[in-house]
Amino acid sequence: MSCPDCGGDLVSFPVPDDLQQLLPGNEPGAGVCRSCLALHPETEPPAAVPDLSDLDGAIPDADGAAVPLVLLVGLLDSLAMHRAEITALLERVEREGVDPLLVLDRLDASYGEAAHVDLGRRRRQLEQLL
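Values in this document were obtained by computation on a predicted structure and should not be read as measured data. (Residues numbered from 1 in each chain as written. Predicted model: local features only at pLDDT ≥ 70, side-chain atom pairs only at ≥ 80, totals over all residues. Heavy atoms only, no water.)

## Let's talk about the confidence of the model for the chain
- Summarising the model, the chain shows a mean pLDDT of 93, and 100% of its residues fall at 70 or more.
- Of all the helices and strands in the chain, helix H5 (residues 119-129) carries the lowest mean pLDDT, 90, while helix H4 (residues 100-111) carries the highest, 96. (pLDDT = per-residue confidence, 0-100. Helix = DSSP H or I, 4+ residues; strand = E, 2+ residues; numbered from the N terminus.)

Okay, structure coming up:
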């Protein structure tokens, strides 16, 4: 499947039940674009989470941190609308032992202007939320 935003390839993954409530819609999965990191709902995700660190080395290997981190990046297009969800995902990633702000710095360095949002600017805004 292709990203409707940029045409890049999507990596689909199941969203755990405890994170499902943090996403808009009722789809059981999501897809993240390899080119722009945009998040899209997925009605038929695979049964297992693929290695999301293939998107970028900054994304942790462990699913417990990788999935909420990718969801977090996908919701950054609207901090005002998704503030509570973003805050919950930030806390979840930190509980898994990952510094989400450092990961955003690294993703910004890798993706730059290709990302669906200005990751550097959003990182600074997130810092103010914490």
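## Brief notes about the sheet that holds strand E3 (residues 39-42)
- With antiparallel pairing, the three strands of this open sheet are ordered in space as E1-E2-E3. Two strands bound the open sheet, and with one partner strand each, they are strand E1 (10-14) and E3. This sheet shows a mean twist of 30° between the axes of neighbouring strands, independent of strand direction.
- Sheet analysis places E1 next to strand E2 (residues 29-33), joined by five bridges and oriented antiparallel. Residue pairing across strands places proline 14 opposite glycine 29, the latter belonging to E2. (Pairing = 2+ DSSP bridges. Axes fitted to C-alpha atoms, helices over the stretch in contact; angles between N-to-C directions.)

## Brief notes about the packing of H4 against H5
- In contact at an axis separation of 9 Å, H4 and H5 are set at 165° when each is read in the N-to-C sense. One way to sum up the angle between H4 and H5 is to call them roughly antiparallel. Here the hand of the crossing between H4 and H5 comes out left-handed. Judged by residue contacts, Leu101, Leu104, Asp105, Leu107 and Asp108 of H4 engage Leu119, Gly120, Arg123, Leu126 and Glu127 from H5.
- For the contact of H4 with H5, a count of residues per class yields five nonpolar, one polar and four charged. (Parallel < 35°, antiparallel > 145°, perpendicular 65-115°, else oblique. Left-handed = near helix turned anticlockwise from the far one by under 90°. Contact = heavy atoms within 4.5 Å. Nonpolar A, V, L, I, M, F, W, Y, C, P; charged D, E, K, R; others polar.)

## Re the pairing of E2
- Of all five residues in E2, five are buried, a share of seventy percent or more.
- Residues of E2 alternate between two faces, with Gly29, Gly31 and Cys33 on one and Ala30 and Val32 on the opposite face, all of them buried.
- Bridge analysis of E2 against E3 gives four bridges, and the strand direction is antiparallel. Paired with alanine 30 across the strands is proline 41, a residue of E3.
- Counting the residues between successive antiparallel strands, the hairpin from E2 to E3 contains five residues, one of them, leucine 37, with a positive phi of roughly 65°. (Buried < 20%, exposed > 50% of the residue type's maximum accessible area, 1.4 Å probe, protein only.)

## Focus on the environment of aspartate 54
- Mapped onto the fold, aspartate 54 is located in the loop between E3 and helix H2 (63-75).
- Put simply, aspartate 54 and methionine 1 are 53 residues apart on the chain and 17 Å apart in space, counted from C-alpha to C-alpha.

## Side note on the layout of surface pockets
- Considered as a void within the structure, the largest pocket measures approximately 220 Å³ in volume.
- Lining the largest pocket are 16 residues, and of these Pro24, Leu39, His40, Pro41 and Leu75 sit closest to its centre.
- Elements that contribute at least two residues to the lining of the largest pocket include exactly E2, E3 and H2.
- Taken together, the residues of the lining of the largest pocket break down into seven nonpolar, six polar and three charged. (1 Å grid on protein atoms, 1.4 Å probe; cavity = no way out; pocket = protein on both sides within 12 Å on 5 of 7 lines; lining within 4 Å. Points joined across faces, edges and corners; volume = space filled by probe spheres on them.)

## What to know about H4
- Taking 1.5 Å as the rise per residue, H4 with 12 residues should run 16 Å; its terminal C-alpha atoms sit 16 Å apart, in good agreement.
- Turning to H4, its buried residues are Pro100, Leu101, Val103, Leu104, Leu107 and Tyr111. Down the axis, H4 shows its buried residues gathered within 155° of arc, on one side only.
- The secondary structure elements touched by the buried residues of H4 are H2, helix H3 (83-95) and H5.
- Once H4 finishes, glycine 112 follows within two positions and takes phi at roughly 50°, a positive value. (Expected span 1.5 Å × (residues − 1). Arc of directions from axis to C-beta.)

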